[in-house]
Amino acid sequence: MITQSFLSSIEETNAETNSSSEVQIVQGKEPLKHILIGSSKAVTSTIYHFQVIGYADVGDWSPLLPSPNPGEVMSILNRPIVVQ
């Protein structure tokens, strides 16, 4: 049941994320979803770290969403990657 709830949350987030910022499939690239799950502090810290190293801007991530696990949140990043 927890897995189904988690997957439903991801599907809802995908619908919201895709409607607010379209994921474009570029030739030679495929969409990849990154999901961070943990405490609010850990997830936020990781999102900022990815910005510092130049991988993804803070604004590229979804807002913090409740996780199926008490005390945890999640955030999702949709990003095209090169696939060979």
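The coordinates are above.
First, a word on what this report is: a plain description of the structure on this page.

1. Digging into the overall build of the chain
No. 1: Scanning the chain for helices and strands turns up two helices and three strands.
No. 2: Secondary structure elements of the chain, listed N to C terminal, follow the sequence α-β-α-β-β.
No. 3: The buried share of the chain, reckoned over its 84 residues, is 25%.
No. 4: Accessible surface, the chain as shown: approximately 5,900 Å² in total, 55% of it carbon and sulfur.

2. Concerning the packing of aromatic side chains
No. 1: Inspection of the entire model under this criterion finds two aromatic pairs.
No. 2: Pairing phenylalanine 50 with tyrosine 55 gives two aromatic rings, centres 5.6 Å apart and planes at 50 degrees, and the pair type is tilted.
No. 3: Where phenylalanine 50 meets tryptophan 61, the ring centres are 5.9 Å apart and the plane angle is 10 degrees; that geometry is what we call stacked. With a gap of 11 residues between them, phenylalanine 50 in helix α2 (residues 40–52) and tryptophan 61 in the loop between α2 and β2 (65–66) connect regions that are remote in the sequence.

3. Some points on the pairing of strand β3 (residues 73–82)
No. 1: Across 10 bridges, the pairing between strand β1 (residues 29–38) and β3 is antiparallel. When the sheet's bridge partners are listed, glycine 38 is paired in β3 with valine 73.
No. 2: The sheet contact formed by β2 and β3 spans two bridges and is antiparallel. Paired with leucine 65 across the strands is methionine 74, a residue of β3.
No. 3: Taking the residues that link successive antiparallel strands as the turn, the β2-β3 hairpin has six residues, and the phi of glycine 71 there is positive, at about 80 degrees.

Cut-offs applied
Residues numbered from 1 in each chain as written. Predicted model: local features only at pLDDT ≥ 70, side-chain atom pairs only at ≥ 80, totals over all residues. Heavy atoms only, no water. Helix = DSSP H or I, 4+ residues; strand = E, 2+ residues; numbered from the N terminus. Buried < 20%, exposed > 50% of the residue type's maximum accessible area, 1.4 Å probe, protein only. Areas by Shrake-Rupley, 256 points an atom, 1.4 Å probe, with all protein chains shown as cover. Phe/Tyr/Trp six-rings, centres within 6.5 Å; stacked < 30°, edge-to-face > 60°. Pairing = 2+ DSSP bridges.

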